[in-house]
Structures are given as C-alpha cells and as structure tokens.
Amino acid sequence: MAEDKVLIFDTTLRDGEQSAGIGLTTQEKLEIARQLERLGVDIIEAGFAASSPGDFEAVQSIMREVRGPVIASLARCVANDIDRAWEAIKDAEHPRIHVFISSSDVQILHQLRSNPEEVLDTAVASVERAKSYCHDVEFSPMDASRTDMDYLYQLVEAVINAGATTINIPDTVGYAMPWEFRERIENIKRNVPNIDRAVLSVHCHNDLGQAVGNSLAAVSTGARQVEGCINGLGERAGNAALEEVIRAIETRKDLYGVSTNINTRQIYRTSRLVSDITGFPVQPNKAVVGANAFRHASGIHQDGLLKERNTFEIMDPQSIGWPSSTFVLGKLSGRAGLRSRLEDLGYKLAQEELNQAFEAFKDLADRKREVTDADLLALMSSQRRTLDIPATYTLEHVQVSSGNHEIPTATVTLTDPDGQSITEAATGTGPVDAVYKAINRIVQVPNKLTEFRVDAVTEGIDAIGDVTIRIEQDGQTFVGRGANTDIMVASAEAYMNALNRLLAMGVSKGADVPTTH
Ligand SMILES: [Zn+2]
C-alpha cells in the first residue's frame, strides 16, 4: 500500500514576508519560488494578491514561472479579496484560493465586531465564491486553537459542504501545546461528519516555541498538510520551520509512517538562499540548518563519531545538501571542476552563468589559497544579488585610509544611470562612515542606517566577510548585502545593494497590509 504523503505548504513568501524588517522585490520572490520548486514543496503561498499592487504582481509572476507546485493566493472572506486572488492566479497550472476568517470569540468580538452566526454565513458565502472560480479552495478558521470546539465543528462542516477541499487549522498566536493540539485535531476528525472530503492541514506559530512540535503532533494523528516557512520565518516569533518538520518526518519514519515529496538535498541551499535574500541570519545552533548543527566539539562525541557516525549523528549532513568541509578548490582548478562542485551543491548553471562564476572564482582563488564550499556559496549569492536588483548606480572603485592617528577618509567612484563615472571623497568617524558619506554625496538618497552586521563566511584570516545592512526611508526597510575578503569593499557593496534596492522598490509596497493568521 502506497505510503501516506504529508503535503508541504510553504508560506515563506506570504507569512514569512510579514516578518518585521523583511521587504522582498518580485525578482527576489521569484528566486525563492524557483528554489522552493527545486526543493519539491507541494504548495507555494505566493502572497496576498489583494493586499498591494506589489503583492499582486509577485503572485502573478510566480504563477507564470513556477509550474510544478500548486500556487495559492491568500484572501480574506471579502468579495474583492477573492476576486483579486483569482485574477492573480487564474492562469496557474494548479491554482488555489486560500480564504480565512477569525473563529475565536476574542477575535470575532473585538476585531470583527461581529458574531459567530454572521461569521459562519460569511465563511460559507466566501468559500462558494472562491469555488465558483477554482476547484482547489482552502479554508482557515483563524485562531482555531482558541476557538470553541463545537462552533469549530459546525464551521468546518459548513465550509466543506460549500466546497472547501483543504481545511487548515491555524494556531495563529502560538498558544497551543502538542498534546492539546493533537487532541484538537483528533476531535475535529471525530466530530465533523464530512471531514474525509477535505485534506486536514495545520499552520502553527512559534510564540511559545511549539510550532514544529504542534505540527508534528497533528501529523501523528492524521493531518496531511503542514504549513510553515523556511528557517522558521513569519509573523512575530515565526512559523513552523519547514526544514525541521521535513527532517523529523523523514528521520522518524518509524514513528510517523508517512513521507514527503521533498528533495532533501536542496534543504541547505534553500535555507541559505532565504537567509541571504531576507538578510535574516540563521542562528548557529538552529536545528538542521544552523552552522553548528553537524559540528561536534566534545572529545567524547568525536571519538564516537570516528568509530561509528550513528553514535552521535542521527542525520547525514550530505542528505540535506550540507557543504562538505573537506572539498576545496584552488587557483589550479578548472571550469569543469568548478561546474561539478557547484552541481553537487545544487547549482546547475548555464554556460554564460558558469563563465561569470568562473571569473569571480579565479579572482577569489588569487586572494585565497583554498576556496571551500562555503566560499562558493557566498560567491553564488553575491553573483545572484547583482542579477536580482537592477543597479541604478554601480560601484567602480573604493579606497579607504584610516588608523588610530588618521582621519578616516574614503574615495569612491560610481557609474551613474547615464554611464558617467563620478568620484567623491569624504571623511567620517570611521572608515565605513567615510565610505557611506562619499557614496551619499553622489547618490543623494536620504535614508537612515538601522543595522550594520559583519559575518565571516569561513574560518581563517583570509575569510570572506559578509556584510548585511538595513537602511530605512519613510518607514520602509531595505536590506543590502556584500561579500568580499576586503571588509571595506564588502561594506560599500552592501550599501550600494541597499540603495539600488530602495531605488528599484521605493514606492511599490502598499501602506496597509490587512492582519492574517
Ligand atoms: Zn501565520
């Protein structure tokens, strides 16, 4: 008998993008969506089409380009939201409209200023409207984990009769505990007579650190779709981290007896790409994808490992595409060596892309004796960055002098939108300040630097430095990234990346995004 599948529903581009401090361009959302397709997720929630013109455009672009997974758009139980959602996804190969409405007393009373009867009628009418467009309709009773159970049974039964094919039970505020949530799912299965006509799904938030535990508890009792985000992104403390849910299901198949359609070898690359694009670092001790997830420090563990890996490792790092620490390239390595290593890391490049990567690789290999997998990933992400953000200004030259008895001074040369080279110099409180002041003299876009972070990509004195910055303008945040063995160059690149993102995106994102589950 075929093994039961758990569908993986990724909402990194919707709930994940609602994380404070994240703002993605359509190009970047497309990049993530393509990688989610490589990862093998079953459903991509591409956005909330009615929330802003930018979201509408992104959902539409994703459904045009990404054809394998189901493409969903979120919508409130409001006619215009549902119509806009359908407008955005109607040409998708597998479209889904996902409607939601509050079902808990506290939200119905205080937020909707309504009553349970009215909410039920609205939910049924909205599912019917969505069904008139699209066969695949998902319904979410928002704040279901704090909703009266009898009302929940009634509501779920009514919307299934109205045509809902997936019922998603959200722990919207991250309030539930695993055994309690498991019981709630069991009770829904027992008390909703037509529940077998729908796929039971869960969507858990991590406010009490239980999002993954709650999701797995639900799977253990019959949920067959799990919603979440890569790296656990999402509103407030985030959603269930999909890489953890997937690995737990695969590693503990003995317990769950189900599997997923995921290509696990793409997990590391997906996590890295999402962290790269959003500028949200992955904490070193994070499960599955944290830098220390497979690093063993204690002598006892190392002794065991050397004798038999299973003594202290329950997963093979390579099975999630973890870069091998032993494989290095150098300046004598050729194009073929680079191509095959990048393929091992999940990058299939076209000839032109490979030529560009090889140029950057040669340049790096001249400065670093050994080019490790981590360096290659950093190289690929900085190459991707130049492709994703249209460069209004390009950094040609940066020169800095500073020291404890020197006034930090910087000279920069940029190419402007008309192809003109412009050089400016400035002094500052430090070298980075001097560089940014010199750049400001040319670009002249008022903004506030709210975050400046430097991470080393690899160990060693010749490590590539990875700079992430955030600038703010009119309440909107723009992330900039730069990577180089010279930290001043990386800082300048990061600022240019943020400014070009601001210039490319400045006005697109809509002011009021409605609250969601
Ligand atoms: Zn959510």
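Keep in mind that what you see is a predicted model, and the values were worked out from it rather than measured.

Student: If you had to explain the overall build of the protein chain to someone new, which residues and values would you point to?
Tutor: For the protein chain, the helix and strand inventory stands at 17 helices and 18 strands. Over its C-alpha trace the protein chain gives a radius of gyration of 25 Å, about what one expects of a compact globule, namely 24 Å for 517 residues. Within the span of the protein chain, comprising 517 residues, buried residues form 56% of the whole. Across the protein chain, every contact between residues at least 6 apart in sequence was considered, and the portion connecting residues at least 24 apart equals 67%. For the protein chain, the computed accessible surface area is about 21,900 Å², with 50% contributed by carbon and sulfur atoms.

Student: Tell me about the nonpolar core, residues and numbers included.
Tutor: As a rule of thumb, nonpolar side chains are buried together in soluble globular proteins. With 115 residues, the main nonpolar core has Phe139 and Ile167 as its most contacted residues. Looking at which element gives the most residues to this core, the answer is helix α6 (residues 149–161), with 9 residues. The residue makeup of this core includes at least three contributed by each of domain 1 (7–278) and domain 2 (323–387). Ile167 has contacts with Phe139, Val156, Val159, Ile160, Ala198, Val199, Leu200 and Ser201, leaving out every residue within four places of it along the chain.

Student: Run through the domain arrangement of the protein chain, naming residues and quoting values.
Tutor: Each assigned domain of the protein chain is listed with its residue range as follows: domain 1 (7–278), domain 2 (323–387) and domain 3 (389–505). Its C-alpha centre places domain 2 at a distance of 24 Å from the equivalent point of domain 3.

Student: Give a detailed account of the pairing of strand β18 (residues 476–484), specifying residues and quantitative values.
Tutor: Along β18, 7 of the 9 residues are buried, which leaves the element largely enclosed by surrounding structure. Of the strand pairs in this sheet, strand β17 (residues 465–473) and β18 are connected by 9 bridges, and their pairing is antiparallel. Directly across from Gly465, in β18, lies its bridge partner Asn484. Between β17 and the antiparallel strand that follows it, β18, lie 2 residues; Asp474 among them carries a positive phi value of about 50 degrees.

Student: Any chance you could break down the confidence of the model for the protein chain for me, citing the residues and the numbers?
Tutor: Close inspection of predicted coordinates is inappropriate for parts of the model with low pLDDT. Averaged over the protein chain, the pLDDT score is 90; the fraction of residues at 70 or greater is 94%. Contacts for the low-pLDDT stretch residues 507–515, under 50 throughout, to residues beyond four places or in other chains number 13 contacts.

Student: So what's going on with the sheet that holds β17? Residues and values would help.
Tutor: Pairing is antiparallel across the open sheet formed by 3 strands, whose spatial order is β16-β17-β18. In the strand order of this sheet, the two ends are held by β16 (448–456) and β18, each with one partner. The mean angle between the axes of side-by-side strands here comes to 15 degrees, regardless of whether they run parallel or antiparallel. Across the sheet, helix α17 (residues 487–505) is in contact with β16, β17 and β18; its angle to β18 comes to roughly 145 degrees.

Student: Please set out unusual backbone geometry residue by residue, giving values where relevant.
Tutor: The general pattern is negative phi for most residues beyond glycine and trans for most peptide bonds. Residue Asp143 is not a glycine yet carries a positive backbone phi of 65 degrees. A residue is classified by how much of its surface remains accessible, and Asp143, at 0% relative accessible area, is buried. Of note in the backbone geometry, Asn231 takes a positive phi value of approximately 60 degrees without being a glycine. With respect to the helices and strands, the residue Asn231 is situated in the loop between β9 (225–228) and α9 (242–251).

Student: So, helix α1 (residues 26–39): which residues are in play, and what are the values?
Tutor: End to end, α1 covers 20 Å across 14 residues, agreeing with the expected 20 Å (1.5 Å per residue, within 8%). Taken across its 14 residues, α1 has 10 buried, putting it largely inside the fold. Where α1 is concerned, the buried positions are Thr26, Glu28, Lys29, Leu30, Glu31, Ile32, Ala33, Gln35, Leu36 and Leu39. Directly after α1, the chain includes Gly40, whose backbone phi takes a positive value near 95 degrees.

So, how was this worked out
- Residues numbered from 1 in each chain as written.
- Predicted model: local features only at pLDDT ≥ 70, side-chain atom pairs only at ≥ 80, totals over all residues.
- Heavy atoms only, no water.
- Helix = DSSP H or I, 4+ residues; strand = E, 2+ residues; numbered from the N terminus.
- Rg over C-alpha atoms; globule rule 2.2 N^0.38 Å.
- Buried < 20%, exposed > 50% of the residue type's maximum accessible area, 1.4 Å probe, protein only.
- Contact = heavy atoms within 4.5 Å.
- Areas by Shrake-Rupley, 256 points an atom, 1.4 Å probe, with all protein chains shown as cover.
- Core = buried A, V, L, I, M, F, W, Y, C linked by side-chain atoms within 4.5 Å.
- Domains from an automatic or database assignment.
- Pairing = 2+ DSSP bridges.
- pLDDT = per-residue confidence, 0-100.
- Axes fitted to C-alpha atoms, helices over the stretch in contact; angles between N-to-C directions.
- Expected span 1.5 Å × (residues − 1).

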